[in-house]
Every structure is written in structure tokens, then in C-alpha cells.
Amino acid sequence: MSADQPATQRLQEVAAKLSVISRMNSYDPYELFEWPDSLPTTDYWMAPELMTCYGTPIWDELTEEQRLTLSQWESVNFFSLNVHLIRELIGEVADRIYETRFPGLSDFFHDFISEENKHMWFFATFCLRYGGKVYPSGKMFAAASADENVLRDVMVFGRILIAEELSDAYNLRMSDDTRLPALVQQINLVHHRDESRHIAFGRQMMRTLCERAAAATGEDGLRMAGDYLARYTSVCLQSFYNPTMYADAGIEGGRRLRVRLLEDPARMQAHRDLVSRTTAFLERLGLIQADAAAR
Ligand SMILES: [Fe+2]
Ligand SMILES: [Fe+2]
């Protein structure tokens, strides 16, 4: 290590501290949750304000019963998205777990993978029990590709951070929303607690990686990685508008509905709000332009 030694040292300190907290707060997911045979269909399972039709004319056209049913499938879709995001990120982190580019981080990576494995289990269990399926993952997003390892690392850990911060924006708002079944609140809360550590690590990791990338590849490299991350953010946001989810909720024309919603100014604003903290952070790192990501 050379120029970035202080940043690397800081990253190792942060990771070591987070590992201590992680091990102190470790839990057994198989014991933690109680899974009722069914959840009340007279409740929202997703906060209405976080649903994909909210704020648009389509929302006004839906009956209360349709909104409730849709909220249940939106919840299954949100948790399914988490399953796929976690599957991907576990693979990427496992690939790097004893990589010499990341000295002193292996213990944290073990904790991270262990926690994500728990998350994937409780999200998938919810989907299978109350939706009868995990929705298949939607459009595949191109794997990070760049000649330099450091740029691929920026893209991979950038993706992880974007996915975690977006998911956390939902988790945080639903962790104590008493309109939702207790189990739904609890899943959101447990995930939020673990993710607050992953996000703290992810931000420090990105600061370090971007310093290294800027030194190795200059602004062009960072911009290329930033474009990739902006596209990834859009794909993540769009994956909430799953046509099959609308069909499952008994709403016809899911594909057309998805297109209409994605063009609605209220939804564009909702997207900007959901990712505003993340895009501001990526902008400070010189990766992204604040408006580029939320389309
Ligand atoms: Fe997670
Ligand atoms: Fe995470």
C-alpha cells in the first residue's frame, strides 16, 4: 500500500469495530421470528406511501380492496428483490474474501456474508409462506467489467451500497409502521439494524476505493464507473414495477401499467427522494451526477 495508506487504515478500523458490534448482536433467525399460518389480508403489508402507484391517478382509481391486495404482492415483490440482490452480493463478496487488495477485511466479510445469508432466508421464507413463491429476478444487469481491478471494485461495492441504501429507505419507514402486520414490521426492523452496519462499511469502502481509482485511472475511470452505477440505480428502482405482481393483485395490463407509472412525474419525484442521500454521496465521490440516477 502506498498513497492510500491512511484511508486503508481507517477502513480496517471501521470494519473491525463493526465486526465487534455484529458479533455482540448476533441472532438466530430460525428462532427470532414467529411465522403465523397466514397474515391478515385486511391489512396493508407495504406502507401505502411506498407503493408503486402512490401519488398517481392510478392510485385514485383503485378501490381500497385493490390497494390492500396490491400492497400484499408489493411486499412479496420487495422481499423477492432483496433475495436476488443478496444472492448477487454474497457471490461478489465471497469472491473477494481473501483477496490481497483488501487486507484486514476478511473477518468483516465473513460477518457480512453470514448476516446476508440470514436476511436471504427470512425474506425468502416470507415470500414462500405468504406469496407461495419468490418472484424470479427481472432484467439481468451487466456484471461489472473494467480492465482495472480497482474500477471493478468500485462498481461492485457501489452496486452493493446502492441496493442496501435503497432497501434501507423502505425498511426504515416500515420498521415501526403499526398499520402493517407485526411480522412485516419486525422483518424490516431486523434488516435495518444489520444494514446500518453494512452501509457504514460500504460508505467507507467506497471512499477508499474511489481514492485508489482516481489515483490509478483519473477522472475518466471514475466517470465510467459512475455511469454504470447510475444505470444500476435506475434498474433497481424500475424492478419495483413488476408486471406479474400487478397480475397477481388482479390488475390487468401490468406491462402497460408499468410503463405508465414509470413515466409519471410523481413517481420520478418519489425515485429522486428515495435515492437522494445515496446519489449525493456518490456525487461527492466524483462518480455520479445527482440527477442521473433516478429516472
Ligand atoms: Fe441484507
Ligand atoms: Fe447488507
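Look a little higher up for the structure.
Residues numbered from 1 in each chain as written. Chains lettered and ligands numbered in written order. Predicted model: local features only at pLDDT ≥ 70, side-chain atom pairs only at ≥ 80, totals over all residues. Heavy atoms only, no water.

This next bit is on the pattern of salt bridges. Scanning all chains against the criterion turns up 17 salt bridges. Taking the shortest distance from any N to any O, the salt bridge between Glu 88 and Arg 159 comes out at 3.0 Å. Here Glu 88 is found in helix 4 (residues 64–95), whereas its partner Arg 159 is found in helix 6 (residues 149–174), with 71 residues between them in sequence. Measuring nitrogen to oxygen at the nearest pair gives 3.4 Å for the salt bridge that ties Glu 99 to Arg 101. (Salt bridge = Lys/Arg side-chain N within 4 Å of Asp/Glu carboxyl O. Helix = DSSP H or I, 4+ residues; strand = E, 2+ residues; numbered from the N terminus.)

Grouped together as the largest cluster of nonpolar side chains are 98 residues, with contacts concentrated most on Phe 109, Phe 126, Phe 157, Met 206 and Leu 287. For this core, the element with the highest residue contribution is helix 7 (residues 182–238), accounting for 20 residues. Setting aside residues no more than four positions away along its own chain, Met 206 makes contact with Val 154, Phe 157, Gly 158, Leu 161, Leu 229, Phe 281, Leu 282, Leu 285 and Leu 287. (Core = buried A, V, L, I, M, F, W, Y, C linked by side-chain atoms within 4.5 Å. Buried < 20%, exposed > 50% of the residue type's maximum accessible area, 1.4 Å probe, protein only. Contact = heavy atoms within 4.5 Å.)

The coordination sphere of the iron ion (ligand 2) contains the protein donors Glu 116 (OE), Glu 164 (OE), Glu 195 (OE), Glu 195 (OE) and His 198 (ND1), at a distance range of 1.8 to 2.2 Å. Donor residues binding the iron ion (ligand 2) come from one chain and are separated in sequence as E-x47-E-x30-E-x2-H. Separation of the iron ion (ligand 2) from the iron ion (ligand 1) amounts to 3.3 Å, with Glu 116 serving as a shared donor to the pair. Of this pair, Glu 116 sits in helix 5 (residues 106–131) while Glu 164 sits in helix 6, and the two are 48 residues apart along the sequence. Assigned by exposure class, Glu 116 and Glu 164 land together as buried. (Donors = N, O, S within 2.8 Å, 3.2 Å for Na, K, Ca; no water.)

Turning next to the side chain of His 198. Tracing the chain through its elements places His 198 in helix 7. Sequence-distant contacts of His 198, defined by excluding residues within four places in its chain, comprise Phe 112, Glu 115, Glu 116, His 119 and Glu 164.

The subject of this paragraph is the coordination of the iron ion (ligand 1). Around the iron ion (ligand 1), the protein contributes the donor atoms Glu 116 (OE), His 119 (ND1), His 191 (NE2) and Glu 195 (OE), at 2.2 to 2.3 Å from the metal centre. Angles of 83 to 158 degrees at the metal separate the four donor atoms of the iron ion (ligand 1), which places the site in the irregular class. As a motif over one chain, the donors of the iron ion (ligand 1) read E-x2-H-x71-H-x3-E. (Tetrahedral: all angles 85-135°; square planar, octahedral: opposite > 155°, others 65-115°.)

Here Ala 249 is to be found in the loop between helix 8 (243–248) and helix 9 (254–262). Accessibility expressed as a relative area gives 9% for Ala 249, which makes it buried. Separated by 184 residues in the primary sequence, Ala 249 and Glu 65 place their C-alpha atoms 10 Å from one another. Other than its neighbours up to four places away in sequence, Ala 249 contacts Thr 69, Leu 70 and Trp 73.

Our focus in this paragraph is the state of the cysteines. Tallied over the entire structure, the rule returns zero disulfides. With no disulfide of its own, Cys 127 has Cys 236 as its nearest cysteine by sulfur position, at a separation of 16 Å. In this structure Cys 127 comes out as buried when scored by relative accessible area, which is 0%. (Disulfide = S-S within 2.5 Å.)

One way to put it is that helix 1 (residues 5–24) packs onto helix 5 with a least axis distance of 9 Å and a crossing angle of 40 degrees. Compared by their axis directions, helix 1 and helix 5 come out oblique. Classified by chirality, the crossing of helix 5 by helix 1 is left-handed. For the pair formed by helix 1 and helix 5, the contact residues are Ala 15, Leu 18, Ser 19, Ser 22 and Arg 23 on the first element and Asp 107, Phe 108, Asp 111 and Glu 115 on the second. Residue composition of the contact of helix 1 with helix 5, grouped by class: three nonpolar, two polar and four charged. (Axes fitted to C-alpha atoms, helices over the stretch in contact; angles between N-to-C directions. Parallel < 35°, antiparallel > 145°, perpendicular 65-115°, else oblique. Left-handed = near helix turned anticlockwise from the far one by under 90°. Nonpolar A, V, L, I, M, F, W, Y, C, P; charged D, E, K, R; others polar.)

The next point concerns the packing of helix 4 against helix 7. Look at helix 4 against helix 7: their axes get within 14 Å of each other, and the N-to-C directions meet at 55 degrees. One finds that helix 4 runs oblique with respect to helix 7. Every pair of crossing elements has a handedness; the one defined by helix 4 and helix 7 is left-handed. Here Phe 78, Phe 79, Asn 82 and Leu 85 of helix 4 come into contact with helix 7, specifically with Ile 187, Asn 188, His 191 and Tyr 232. When its residues are assigned to classes, the contact of helix 4 with helix 7 shows five nonpolar, three polar and no charged.

A complete count under the given rule lists 22 aromatic pairs for this structure. Centroid distance Phe 78 to Phe 240: 6.0 Å. Interplanar angle 25 degrees. Geometry classified as stacked. Residue Phe 78 is located in helix 4, and its partner Phe 240 is located in the loop between helix 7 and helix 8; the two are separated by 162 residues in the primary sequence. What makes Phe 240 buried here is its relative accessible area of 7%. In this structure, Lys 118 packs its charged tip against the face of Tyr 27, placed 4.5 Å from the ring centre. Directly above the aromatic system of Phe 281 lies the positively charged group of Arg 203, at a separation of 4.2 Å from the ring centroid. (Phe/Tyr/Trp six-rings, centres within 6.5 Å; stacked < 30°, edge-to-face > 60°. Lys NZ or Arg CZ within 6 Å of the ring centre and 35° of its normal.)

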